[in-house]
Amino acid sequence: MILIADASALIALAACNSLPLLDAIFGTVLVPEAVYVEVAANDKPQAERLRLYLQGKVRQVNMQKYVYLDAFADAGETAAMLLYKELSADYLLIDDKRGRKVAFINQIKTIGSLGVLLQAKRKGLIEHVAPLLSLIEASPVFVSRSLVNTVLELAGESN
């Protein structure tokens, strides 16, 4: 399987030390150059961890292709969707709610960082999602409390 990743979800998974789960679940993980530049900037959270993880996973994008966008799409998100289409990937890793709607319009299958954690638990790669969610919540990454509660419920870890 091929997974194309956008920045925010990568940062969330880096915050909870879960980047290797992507390889274990999907096999091939790739990012467009624009996403790499975004996450590898020295002022970004988890930049060093992401630079190391993404070695050999960065791809150039054919900008001659097209996807439908809204007025708020950033360069990384756009490039990730183009790379998904170019490679006929299986999933786009993206957390941004608006970006997921744009992906849906473009017939792009998405999964978010918390969805990855749920998949990892279902596959027996991790025992619990709660400690990982706590690490994400303690990081600069925003995740709504209602979404965290839903994920804990789906994982069978709610109180």
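Report on the accompanying structure. Model, not experiment: these values are computed from the prediction.

### Focus on the overall build of the chain
Looking only at helices and strands, one finds nine helices and five strands in the chain. Secondary structure elements in the chain, listed N-terminal to C-terminal, are β-α-α-β-α-α-β-α-β-α-β-α-α-α. Its C-alpha radius of gyration of 15 Å places the chain within 12% of the 15 Å reference for a compact globule of 159 residues. Principal-axis analysis of the C-alpha atoms gives the chain an extent of 50 × 30 × 30 Å. Looking at the chain as a whole, 46% of its 159 residues are labelled buried. Here the chain has roughly 8300 Å² of accessible surface; of this, 53% comes from carbon and sulfur atoms. Both charge centroids of the chain, one from 16 positive and one from 17 negative side chains, sit 4 Å from each other.

### Considerations on helix α7 (residues 113-122)
Restricting attention to buried positions, one finds in α7 the residues Ser113, Leu114, Val116, Leu117, Leu118 and Ala120. Where the residues of α7 are buried, they touch α1 (7-15), α2 (19-26), β4 (91-93), β5 (110-111), α8 (130-138) and α9 (145-154). Of the residues one or two after α7, glycine 124 is the one with positive phi, at around 75°.

### Quick notes on the packing of aromatic side chains
Under the definition given, this model contains one aromatic pair. When the ring centre of tyrosine 53 is taken as reference, the NZ or CZ atom of lysine 57 above it lies at 3.6 Å.

The rules behind these values
Residues numbered from 1 in each chain as written. Predicted model: local features only at pLDDT ≥ 70, side-chain atom pairs only at ≥ 80, totals over all residues. Heavy atoms only, no water. Helix = DSSP H or I, 4+ residues; strand = E, 2+ residues; numbered from the N terminus. Rg over C-alpha atoms; globule rule 2.2 N^0.38 Å. Buried < 20%, exposed > 50% of the residue type's maximum accessible area, 1.4 Å probe, protein only. Areas by Shrake-Rupley, 256 points an atom, 1.4 Å probe, with all protein chains shown as cover. Lys, Arg positive; Asp, Glu negative; His and termini not counted. Charge placed at Lys NZ, Arg CZ, Asp CG, Glu CD. Contact = heavy atoms within 4.5 Å. Phe/Tyr/Trp six-rings, centres within 6.5 Å; stacked < 30°, edge-to-face > 60°. Lys NZ or Arg CZ within 6 Å of the ring centre and 35° of its normal.

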